[in-house]
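Chains, contacts and geometry: an overview
Now for the letters of each chain:
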Amino acid sequence: AFALKLARLRQYLARRTGLHSIQGRLVAIAFVFIIGTAVVMGITGYRFTSSFERQRFHEHFNLLAGYMANNAELGVMMGDPEMLQRLCQNMLQVKDIQSVTIFDASGKQIARSGAPDGTEQGIASASVKSQVMDEAALFSGDLPVSEHLGRIEITYALSGLHELQHQLARRYTIISLI
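These numbers were taken from a predicted model, which means no experiment stands behind them.

Moving on: the packing of aromatic side chains. As enumerated under the stated definition, the model contains 3 aromatic pairs in all. Measuring from centroid to centroid gives 6.1 Å for F57 and Y156, while their planes differ by 65°, and the two rings are edge-to-face. Of this pair, F57 sits in helix α2 (residues 22-78) while Y156 sits in strand β4 (residues 145-157), and the two are 99 residues apart along the sequence. A single burial state applies to F57 and to Y156, both of which are buried. When the ring of F61 is compared with that of Y156, the centres are 4.1 Å apart and the planes differ by 10°; the resulting orientation is stacked. Residue F61 is located in helix α2, and its partner Y156 is located in strand β4; the two are separated by 95 residues in the primary sequence. Taking relative accessible area as the criterion, F61 reaches 1% and is therefore assigned buried.

Time to look at the nonpolar core. Residues I102, I152 and I154 are the most contacted members of the largest nonpolar core, which totals 24 residues. Elements that contribute at least two residues to this core include exactly α2, α3 (81-91), β1 (97-104), β3 (121-132) and β4. It is α2 that contributes the most residues to this core, 8 residues altogether. Residues in contact with I154, not counting those within four places in the same chain, are F61, L64, A65, M91, I97, S99, V100, G122, I123 and A124.

A word on α3. Residue pairs three or four apart in sequence face the same way in an α-helix, which turns once every 3.6 residues. Turning to α3, its buried residues are L84, C88 and M91. For α3, the angular spread of buried residues about the axis comes to 60°, placing them on one side. Residues of α3 that are exposed and angled more than 90 degrees away from the buried face: E82, R86 and N90. N-cap assignment for α3: the residue whose side-chain oxygen lies 3.3 Å from the backbone N of E82 is D80.

The sheet contact formed by β1 and strand β2 (residues 109-114) spans 5 bridges and is antiparallel. The partner of I102 across the bridge, within β2, is A111. Counted between consecutive antiparallel strands, the loop separating β1 from β2 contains 4 residues, among which G107 sits at a positive phi close to 95°.

So, how was this worked out
Residues numbered from 1 in each chain as written. Predicted model: local features only at pLDDT ≥ 70, side-chain atom pairs only at ≥ 80, totals over all residues. Heavy atoms only, no water. Phe/Tyr/Trp six-rings, centres within 6.5 Å; stacked < 30°, edge-to-face > 60°. Helix = DSSP H or I, 4+ residues; strand = E, 2+ residues; numbered from the N terminus. Buried < 20%, exposed > 50% of the residue type's maximum accessible area, 1.4 Å probe, protein only. Core = buried A, V, L, I, M, F, W, Y, C linked by side-chain atoms within 4.5 Å. Contact = heavy atoms within 4.5 Å. Arc of directions from axis to C-beta. Polar contact = N/O pair within 3.5 Å; in protein donor to acceptor, adjacent residues only side chain to side chain. Pairing = 2+ DSSP bridges.

Listed below in structure tokens is the structure:
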């Protein structure tokens, strides 16, 4: 009884929607394939772009940590916490950076500014190094030796990345629907 009712419903829907002819069925199949392809391409494009953005976002902060390590070299060598504190304060002006900490070679904290706000965050760090070159290396053409002076640690919020990904998802959805 239920199978009979289901068969009648299927026939009724086929007549009503125009799917009772071969041409109607082929059009419906083509339509489903086009929609499926658009959805798959949209999801794939979003994932590739999102992965690329995430990688670039983290690389950006690693690059900032490297630049800061180069700028902090003199302050760490001189042991000047005031200069390093100003450097930390200046770095906090960059969007998404929550805190900056500078450590000496023994791991002791020299300067710190800001504090993580408890949101999801990432950490970028870089070594503070000094290029040491002795007289023999100067004439022999050897590469200078790096002396480890300390470490820079930058804590940054991932909210900017999430905001960018949500914006990207909305745009992909709009483009896919058009």
